[in-house]
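# Working through the structure, step by step
So the chains spell out like this:
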Amino acid sequence: MEAKNDPTRHVRQRTDRDLDACVQVLAAVHERDGYPVNWPDRPGDWLTQPTPLSAWVAELDGRVAGHVRLSRSDDGDIAPGLWSARAGASRATTAVISRLFVAPAARGHGLGALLLARAVQDATDRGLHAVLDVVTSDTAATALYERLGWTLLGTAEQRWTPQQTVTVRCYAAP
C-alpha cells in the first residue's frame with residue numbers, strides 16, 4: 001500500500017522577509033477571487049499598515065501559502081461596535097482579524113482555519129475578543145467563518161472611499 005502524501009502545514013509569525021512571498025500569494029488570490037476588492041498601489045504596505053498587533057503566515061511544505069493579521073480596531077471598523085453593543089463591553093476589548101488569504105493552489109489543507117485559530121488565540125491571550133468583517137460577495141470566506149462557529153453580528157454598509165460603499169457581514173469569534 002502506498003503512503004498518502006501529507007503536506008507539512010505550519011503557522012508562524014510573519015517577518016519582513018515574508019512580504020514578497022505574501023504579495024505573490026495575494027496577487028494569485030486577487031486574480032482568482034477578487035480579494036482584495038481594490039488592489040492596493042503598494043500591497044506590501046497594505047499588509048503591514050497600520051501597524052498590526054501581530055501577523056502570521058501559513059506555510060505548506062515550507063512555502064508561504066497564506067496570511068492573517070490582528071489589529072486594534074479603528075474608527076472605520078463596524079464589527080467592533082456591533083460586538084461591543086451585543087456584549088456590553090468597550091470597543092477597546094476587541095481585536096480585528098484582517099488580511100486573511102490562502103493561495104488558491106494551497107486550499108483544502110485547513111490553512112485558513114489554522115490562521116484564524118492562531119489569530120483568535122493571540123487576541124484571547126491579550127484579553128481581547130476577535131472580530132472581523134467580510135464583503136457579502138465573498139461567500140467562500142463566509143462559509144469558512146460559519147463552519148468554524150463564528151457568530152454573525154450583522155450586515156452593514158461600510159464606506160471605503162468617498163466614492164465606494166460596500167456591504168459587509170460582521171462576525172465575532174466563538
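Residues numbered from 1 in each chain as written. Predicted model: local features only at pLDDT ≥ 70, side-chain atom pairs only at ≥ 80, totals over all residues. Heavy atoms only, no water.

## Here's the deal with the packing of aromatic side chains
Spelled out, the test is: Two rings from Phe, Tyr or Trp (for Trp, the six-membered ring) form a pair when their centres are within 6.5 Å of each other. A pair whose planes differ by under 30 degrees is stacked, one over 60 is edge-to-face, and the rest are tilted. Going along the chain from the N terminus, every DSSP run of H or I of four or more residues is numbered as a helix, and every run of E of two or more is numbered as a strand. Only protein chains enter the calculation, and the probe is 1.4 Å; a residue is then buried if its accessible area is under 20% of its type maximum, exposed if over 50%, and partly exposed in between. Criterion for a charge above a ring: Lys NZ or Arg CZ within 6 Å of the ring centre, and within 35 degrees of the ring normal.
Under the counting rule described, the total for this entry stands at three aromatic pairs. Arranged with centres 5.7 Å apart and planes meeting at 55°, the rings of Tyr145 and Tyr171 form a pair that is tilted. Of this pair, Tyr145 sits in helix H5 (residues 139–147) while Tyr171 sits in strand E7 (residues 164–172), and the two are 26 residues apart along the sequence. The pair Tyr145 / Tyr171 is uniform in exposure class, with both members buried. Pairwise contacts between aromatic rings join Tyr145, Trp150 and Tyr171 into one cluster. For the cation-ring pair, Arg99 lies above Trp46, with the distance from its terminal atom to the ring centre recorded as 3.9 Å.

## Some remarks on the side chain of Gln158
Cut-off, in case you're wondering: Here, two residues are considered to be in contact whenever any of their heavy atoms come within 4.5 Å of each other.
Mapping Gln158 onto the fold places it in strand E6 (residues 151–161). A relative accessible area of 6% means that Gln158 is categorised as buried. Once residues within four sequence positions are removed from consideration, Gln158 is found in contact with Gly76, Asp77, Ile78, Asp133, Gln164, Thr165, Val166 and Val168.

## Thoughts on the nonpolar core
The criterion, for reference: Here, nonpolar core refers to any group of buried Ala, Val, Leu, Ile, Met, Phe, Trp, Tyr and Cys residues whose side-chain atoms link them within 4.5 Å.
Within the largest apolar cluster, 38 residues are counted, with the highest numbers of intra-cluster contacts made by Ile97, Leu116, Tyr145 and Trp150. Mapped onto this core, the elements with two or more residues apiece are helix H1 (19–33), helix H2 (43–48), strand E2 (54–60), strand E3 (63–71), strand E4 (94–102), helix H4 (111–125), strand E5 (129–135) and H5. Ignoring sequence-local partners within four residues, the contact set of Tyr145 consists of Leu100, Leu116, Leu132, Val134, Trp150 and Tyr171. Counting twelve residues, the second-largest nonpolar core is a separate cluster that includes Val135, Val166, Cys170 and Ala172.

## Some remarks on the pairing of E6
Along any regular strand, the residues point their side chains to alternate faces of the sheet. Stated precisely, the cut-off is as follows: Strands pair, by our definition, only if DSSP identifies at least two bridges between them.
Of the strand pairs in this sheet, E6 and E7 are connected by nine bridges, and their pairing is antiparallel. In the sheet register, Leu152 faces E7, and the bridge partner there is Tyr171. The loop that links E6 with its antiparallel partner E7 comprises two residues.

## Remarks on the pattern of salt bridges
Definition in use: By convention in these notes, a salt bridge is any Lys or Arg side-chain nitrogen within 4 Å of a carboxyl oxygen on Asp or Glu.
Under the criterion given, the structure shown has six salt bridges. Two residues, Glu59 and Arg12, come together in a salt bridge whose shortest N-O distance is 2.8 Å. With a gap of 47 residues between them, Glu59 in strand E2 and Arg12 in strand E1 (residues 9–13) connect regions that are remote in the sequence. Between Asp122 and Arg126 there is a salt bridge; the shortest N-O distance is 2.7 Å. Ionic contacts of the salt-bridge type, sharing partners, join the residues Arg12, Asp18 and Glu59 into one network.

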